[in-house]
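Observations on the model geometry
Listed here are the chains, written in short residue letters.
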Amino acid sequence: MMLSKGLKRKREEEEEGKEALAVDTWWLDPGHPAVAQAPPAVASSSLFDLSVLKLHHSLRQSEPDLRHLVLVVNTLRRIQASMAPTAALPPVPSPPTAPGIADNLLASSDAALSASMASLLEDLSHIEGLSQAPQPLVDEGPPGRPTGGAPPSLGALDLLGPATGCLLDDGLEGLFEDIDTSMYDSELWAPASEGHKSSPEDGPGKEEAPELDEAELDYLMDVLVGTQALERPPGPGR
Amino acid sequence: MHQPPPASSCSSSGSCECARVGVRLSALAPAAAPCPAPRRLPRPRQLEPPSRGTSTLIRAGLGPWCSPTGSPAPLSCETGCGEGSWILVCRLLVPTQVSLLSMEEDIDTRKINNSFLRDHSYATEADIISTVEFNHTGELLATGDKGGRVVIFQREQESKNQVHRRGEYNVYSTFQSHEPEFDYLKSLEIEEKINKIRWLPQQNAAYFLLSTNDKTVKLWKVSERDKRPEGYNLKDEEGRLRDPATITTLRVPVLRPMDLMVEATPRRVFANAHTYHINSISVNSDYETYMSADDLRINLWNFEITNQSFNIVDIKPANMEELTEVITAAEFHPHHCNTFVYSSSKGTIRLCDMRASALCDRHTKFFEEPEDPSNRSFFSEIISSISDVKFSHSGRYIMTRDYLTVKVWDLNMENRPIETYQVHDYLRSKLCSLYENDCIFDKFECVWNGSDSVIMTGSYNNFFRMFDRNTKRDVTLEASRENSKPRAILKPRKVCVGGKRRKDEISVDSLDFSKKILHTAWHPSENIIAVAATNNLYIFQDKVN
């Protein structure tokens, strides 16, 4: 059982989470700029969702805190590993990328790149049904500060062509063209509230898992962490 | 849990030091009942004849440490602190940016601004103290803040007439060390927050310190001037050049005393060597070199050379996707100039010897404690991430701070620490909430006392903890205005973890997680400690009879 001893059951955790978030803002002056940026008072009930949210948030920073990012991603891997214990999580991401692509992307201040990455992550959220309200996750930086210098994100960068959202030109179809779409049956994309149901058949410690099967979680994790090589037409510079 | 800090409203996620600072009270009148009264703010001394900065002196005796049975017990340490009681010496508020500006203007503006500060108690986020450090003699205490300023306090001279003023620190110098910068290439703002200050040992009359923000390290010289030359031949009294034709006699200029002035000048700027955020700087025992560490690299500098540095550690993977670990802190050995350690986000410490190779990617020693299977959780890695590493003064031990514990390691034993101290184990059951509000990423520092017998670190609710390594006793103290009454005895605090809460205990759910003590410092030879609580600097000393 991977959960810590003191971890409460899901519902109580949700309450506590909501309470924590609610308390989060009550003492702030309504006119305070921080309130506008405060997280939405929609507590995600699963640790996985929370971690994904944190990852999104971290990636959206103009200059992400590397330590925070690494710790969140590693935690996400742990959670994912616990939710799909039989899935073989590749120890080292395999697909070769253009050497130094991360550095190149770091050095660039390409607003289109960051915009496409942001929308990619957003779209993933939509599909995966993980996030109820992706809107607040849209870039929180001031408009004058594009999220250029794309963070050394762990593989999400790998999915994007350097300059344009060419990936998204195909629409989401291109993303999944070689994937069995039966994985994305509508019943699996139930609203998050239904995902709160604990599914004992998922295995031990699953009270917090959303209703996705192993392969989807694998895929999602891989997309985020970059272990998955998607087949798509090579863009310039790749 | 009440009042957790706002999580995602922190633009630099990670350590939530940008707590929503509340009220900045005007100072308490000394030796009076604690009702706010206007006070004269400390003034910077470099622009005008310096007056000693004022600080409120609040005499409060702290109770002795308690043994498990509750009876007082002495603190064992070789610097003779006797009974182990702690007194609040002074609480210092560093002046705000606004008030500093007003100091440079005329008297009327100053009065206006002073009254403004008196009537509208406020503190700016720029005042949040981000680092505290005593110099090697303990005579000076430097603080850096989020606004990029350095404020140096000097210890009050002991005098026979005023023995009770021993240990009081007053403002000595204030200067703007780092300014906010804009990186045009990446369209990024570089924060001016001072991450670390490190003093150089004193070699002449001037003081030298290193201060760093995320990207740039600067060497500052702080010197006093109490004489000025008078009687120039070629210049008149105002400094204007005289017409040589009007000079009929020659005289020798003389040095005349003037009012003491303290000036701070930047002597070196070490820039453009770090892609990632600098978290540590450490002066080498050779006093000629120092190192600066960011998330992935450590660079070695010579003080005289600013346009190049040696890279001695590089853990950046060829493929950033493979990044799983970052450097969190680094320090040179206090005596061996070839040895240093660095800690990681995975809870490991590596000791490296620079004689082994130019690039110290291969460590000489590797310190890691195996994970306790009974405590395993999703957050195991995060709470094992080391936020600070410090050599003991002797050089025999290293101390590390992770989220819940402080550990002491013997350099000769790599497989586990020799001592582990629980700082706030009652938080173990709250890790999920602390993860949610990002408190779990807070980076606490830890310090040794001069004799390496006591270690100290901070916690939440403005608590800080001391552990006596010899007697194995520990104490929790609080740095707060409410408890700083003159002549009152501050009792050790206790957190109630469950069951019946006693009268003076605080329950875990009542802790204020926005009040965190991240930065503390211990005088190198005496029992005087400095504790930074947001924008307040508390100085405590042990009670000497």
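Cut-off values and rules
Per chain, residue numbering runs from 1 following the sequence as it is written. Both sets of labels track the order of writing: A upward for chains, 1 upward for ligands. The predicted nature of this model means local features are confined to residues of pLDDT at least 70 and side-chain atom pairs, given and counted, to a pLDDT of 80 or more, with totals for whole chains, interfaces and linings taken over all residues. Note that the side-chain values use all heavy atoms of the structure and ignore hydrogens as well as water. We count a stretch as a helix when DSSP gives it H or I for four or more residues in a row; a strand needs E for two or more, and each element gets its number in order from the N terminus. Each residue's exposure class comes from its accessible area (1.4 Å probe, protein chains only) as a fraction of the maximum for that residue type: buried when under 20%, exposed when over 50%, partly exposed otherwise. By the convention used here, residues are in contact when the closest approach between their heavy atoms is within 4.5 Å. Only the protein chains shown count as cover for residues, with accessible areas throughout obtained via the Shrake-Rupley method and a probe of 1.4 Å. A pair of strands is considered paired only if DSSP assigns at least 2 bridges between the two. One less than the number of residues in a helix, times 1.5 Å, gives the span that helix is expected to have. The term polar contact refers here to a pair of N or O atoms within 3.5 Å; inside protein, the definition further demands a hydrogen-donor-capable atom paired with an acceptor-capable atom, and it admits residues adjacent in sequence only when both atoms are side-chain atoms. Orientation is described by axes fitted as lines to C-alpha atoms, over the contacting stretch for helices, and by angles from 0 to 180 degrees between their N-to-C directions. When an angle is under 35 degrees it counts as roughly parallel; over 145 it counts as roughly antiparallel; between 65 and 115 it counts as roughly perpendicular; any other value is oblique. Each helix crossing is assigned a hand: it is left-handed if the near helix lies turned anticlockwise from the far helix by less than a right angle, otherwise right-handed if that turn is clockwise. Gly is placed with the polar residues, together with every amino acid not listed as nonpolar (Ala, Val, Leu, Ile, Met, Phe, Trp, Tyr, Cys and Pro) or charged (Asp, Glu, Lys and Arg). One side-chain nitrogen of Lys or Arg within 4 Å of one carboxyl oxygen of Asp or Glu is enough to make a salt bridge. The predictor reports its confidence for every residue as pLDDT, a score running from 0 up to 100. Under the pairing criterion, centres of Phe, Tyr and Trp rings, with the six-membered ring standing for Trp, must be within 6.5 Å; the plane angle then separates stacked pairs below 30 degrees from edge-to-face pairs above 60, leaving the rest tilted. In this description, a disulfide is simply a cysteine sulfur pair whose atoms lie within 2.5 Å.

1. Here's the deal with the overall build of chain A
- A tally of helices and strands in chain A yields 10 helices and zero strands.
- The secondary structure elements of chain A, listed N-terminal to C-terminal, are α-α-α-α-α-α-α-α-α-α.
- Of all 238 residues assigned to chain A, the portion counted as buried reaches 51%.
- In chain A, the proportion of contacts linking residues at least 24 apart, taken out of those at least 6 apart, comes to 78%.
- For chain A, the exposed surface amounts to about 10,700 Å²; the carbon and sulfur share of it is 56%.

2. Regarding the overall build of chain B
- The helix and strand inventory of chain B stands at four helices and 36 strands.
- Considering only residue pairs separated by 6 or more positions, chain B has 59% of its internal contacts joining residues 24 or more positions apart.
- Within the structure as shown, chain B displays about 22,700 Å² of accessible surface, and the carbon and sulfur contribution to it stands at 50%.

3. Observations regarding the pairing of strand β13 (residues 217-230) of chain B
Residue and element names in this part refer to chain B.
- Relative to β13, strand β12 (residues 207-212) runs antiparallel, the two being bridged by six bridges. What sits directly across from Thr212, in β13, is Val217.
- Linking β12 back to β13 in an antiparallel pair, the connection comprises four residues.
- Pairing geometry for β13 and strand β14 (residues 254-270), over 13 bridges, is antiparallel. Within the sheet, the bridge partner assigned to Arg225 lies in β14 and is Met261.

4. A word on helix α4 (residues 66-83) of chain A
Residue and element names in this part refer to chain A.
- Here α4 is 18 residues long and its end C-alpha atoms lie 26 Å apart, about the 26 Å a rise of 1.5 Å per residue gives.
- With 17 of 18 residues buried, α4 lies mostly within the body of the structure.
- At the N-terminal end of α4, a side-chain oxygen is found 3.1 Å from the backbone nitrogen of Arg67, two or three residues along, and the residue is Asp65.

5. Topic: the packing of helix α3 (residues 47-60) of chain A against α4 of chain A
All names here are of chain A.
- At a minimum axis separation of 9 Å, α3 and α4 run at an interaxial angle of 150°. Considering their axes alone, α3 and α4 lie roughly antiparallel with respect to each other. Here α3 runs over α4; the crossing is left-handed. Of the residues in α4, those in contact with Leu47, Phe48, Ser51, Val52, Lys54, Leu55, Ser58 and Leu59 of α3 are His68, Leu69, Val72, Val73, Thr75, Leu76, Ile79, Gln80 and Met83.
- Within the contact of α3 with α4, the residues separate by chemical class into 11 nonpolar, five polar and one charged.

6. Quick word on the side chain of Ser46 of chain A
All names here are of chain A.
- Mapping Ser46 onto the fold places it in the loop between α2 (33-37) and α3.
- Overall, the relative accessible area of 4% leaves Ser46 in the buried class.
- From its side chain, Ser46 meets the backbone nitrogen of Asp49 in a polar contact 3.0 Å long.

7. Looking at the sheet that holds strand β30 (residues 474-478) of chain B
Residue and element names in this part refer to chain B.
- Judged by pairing direction, the sheet is antiparallel, and its four strands sit side by side in the order β27-β28-β29-β30 without closing on themselves. The two strands at the open ends of the sheet, each matched to only one other strand, are β27 (446-448) and β30. Strand after strand, the sheet turns through a mean of 20° between neighbouring axes, direction not considered.
- Here five bridges tie strand β29 (residues 463-468) to β30, and the two strands are oriented antiparallel to one another. Looking at β30, one finds that Phe463 is bridged to Glu478.

8. Observations concerning the pattern of salt bridges
- In this structure the tally under the stated criterion is 31 salt bridges over all chains.
- Between Asp438 of chain B and Lys54 of chain A there is a salt bridge, with its nearest N and O atoms 2.8 Å apart. Residue Asp438 of chain B is found in the loop between α4 (431-436) and β27, and its partner Lys54 of chain A is found in helix α3; the two belong to separate chains.
- A residue is classified by how much of its surface remains accessible, and Asp438 of chain B, at 3% relative accessible area, is buried.
- Where Glu304 of chain B meets Arg268 of chain B, a salt bridge forms, and the shortest distance between an N and an O atom there is 2.6 Å. Within this pair, whereas Glu304 of chain B is found in the loop between β17 (297-302) and β18 (310-314), its partner Arg268 of chain B is found in strand β14, the two being separated by 36 residues in sequence.
- When salt bridges with common partners are traced through the structure, they connect Arg78 of chain A together with Glu371 and Arg376 of chain B into a single cluster.

9. So, the confidence of the model for chain B
All names here are of chain B.
- On average, residues of chain B score 80 in pLDDT, and 75% of them reach the 70 mark or higher.
- This model gives residues 1-83 a pLDDT under 50, and the stretch forms 278 contacts once residues within four places in sequence are excluded.
- A low-confidence stretch, residues 97-122 (pLDDT under 50), is modelled with 37 contacts involving residues beyond four sequence positions or located in other chains.
- Across the predicted assembly, pTM comes out at 0.65 and ipTM at 0.77.

10. Description of the packing of α4 of chain A against helix α10 (residues 214-225) of chain A
Residue and element names in this part refer to chain A.
- Packing of α4 against α10 leaves a shortest axis separation of 10 Å and a crossing angle of 165°. Comparing the axis directions of α4 and α10 gives the class roughly antiparallel. Like other packed secondary-structure pairs, α4 and α10 cross with a definite hand, here left-handed. In contact with Val73, Leu76, Arg77, Gln80 and Met83 of α4, α10 contributes Leu217, Asp218, Met221, Leu224 and Val225.
- Along the lines of polarity and charge, the residues of the contact of α4 with α10 split into seven nonpolar, one polar and two charged.

11. Observations regarding the packing of aromatic side chains
All names here are of chain B.
- Scanning the model with the defined rule gives 19 aromatic pairs over all chains in all.
- With a centroid separation of 5.1 Å and an interplanar angle of 50°, the aromatic rings of Phe379 and Tyr435 are classed as tilted. Note that Phe379 is positioned in the loop between β22 (365-367) and α3 (380-384) and Tyr435 in helix α4, a separation of 56 residues in sequence.
- Measuring from centroid to centroid gives 6.4 Å for Tyr403 and Phe444, while their planes differ by 50°, and the two rings are tilted.

12. Some points on the state of the cysteines
- Tallied over the full model, the rule gives zero disulfides over all chains.
- The thiol of Cys352 of chain B is unpaired, and the distance to the nearest cysteine sulfur, on Cys360 of chain B, comes to 5.3 Å.

13. A closer look at the environment of Ser385 of chain B
- Topologically, Ser385 of chain B is positioned in the loop between α3 and β23 (388-391).
- Residues Ser385 of chain B and Lys346 of chain B lie 39 residues apart in sequence; the distance between their C-alpha atoms is 5.1 Å.
- Not counting residues up to four positions away in its chain, the partners in contact with Ser385 of chain B are Arg67 and Leu71 of chain A together with Thr328, Ser344, Ser345, Gly347, Arg401, Asp402 and Tyr403 of chain B.

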